[in-house]
Amino acid sequence: MLTYNMDVEERSVWLRATPNNAVLAQPFYATEAGLFYGRSHFATARTDKESYILFYTWPGLA
């Protein structure tokens, strides 16, 4: 299950891609990437998914 609240600023960028067969044959690949300027109510949670989500956070980035 995925639940999220995309409370982000308008200047945020979200890129999504559909992997082709060559990409799917790799052990790791990314399907989404972005630079998000989160606000106080940004949140995400996942369960029961056979993949990983990786967030790098940088407090105070303006």
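Scroll up a little and you will see the structure.
Because the structure is predicted, anything quoted here is derived from the model rather than measured.

Asker: Help me understand the overall build of the chain in this model?
Answerer: Secondary structure assignment for the chain yields one helix and four strands. If you list the helices and strands of the chain from N to C, you get β-β-α-β-β. Relative to the compact-globule value of 11 Å for 62 residues, the chain shows a C-alpha radius of gyration of 14 Å, a clear excess of over 25%. Across the 62 residues in the chain, those meeting the buried criterion constitute 6%. In the chain, the share of contacts with a sequence separation of at least 24, taken over all contacts with a separation of at least 6, comes to 60%. As presented, the chain carries roughly 5900 Å² of accessible surface, and 56% of it is formed by carbon and sulfur atoms. Where the 5 positive side-chain charges of the chain centre and where its 6 negative ones centre are 4 Å apart.

Asker: Please clarify how the side chain of S12 should be interpreted in this entry.
Answerer: Tracing the backbone shows S12 in the loop between β1 (2–5) and β2 (13–16). By relative accessible area, S12 is classed as buried at 17%.

Asker: Help me understand the packing of aromatic side chains in this model?
Answerer: Counted by the stated rule, this structure contains one aromatic pair. With a centroid separation of 5.9 Å and 75 degrees between ring planes, the pair formed by W14 and F36 is classed as edge-to-face. Taken together, the positions of W14 in strand β2 and F36 in the loop between β3 (32–35) and β4 (43–46) put the pair 22 residues apart, joining distant regions of the chain. On the accessibility criterion, W14 (34% relative accessible area) is partly exposed. Its guanidinium or amino end placed over the ring of Y37, R11 lies 3.7 Å from that ring's centre, counting from NZ or CZ. Seen from the ring of W14, R16 lies directly overhead, with NZ or CZ sitting 4.4 Å from the centre.

Procedures and definitions
Residues numbered from 1 in each chain as written. Predicted model: local features only at pLDDT ≥ 70, side-chain atom pairs only at ≥ 80, totals over all residues. Heavy atoms only, no water. Helix = DSSP H or I, 4+ residues; strand = E, 2+ residues; numbered from the N terminus. Rg over C-alpha atoms; globule rule 2.2 N^0.38 Å. Buried < 20%, exposed > 50% of the residue type's maximum accessible area, 1.4 Å probe, protein only. Contact = heavy atoms within 4.5 Å. Areas by Shrake-Rupley, 256 points an atom, 1.4 Å probe, with all protein chains shown as cover. Lys, Arg positive; Asp, Glu negative; His and termini not counted. Charge placed at Lys NZ, Arg CZ, Asp CG, Glu CD. Phe/Tyr/Trp six-rings, centres within 6.5 Å; stacked < 30°, edge-to-face > 60°. Lys NZ or Arg CZ within 6 Å of the ring centre and 35° of its normal.

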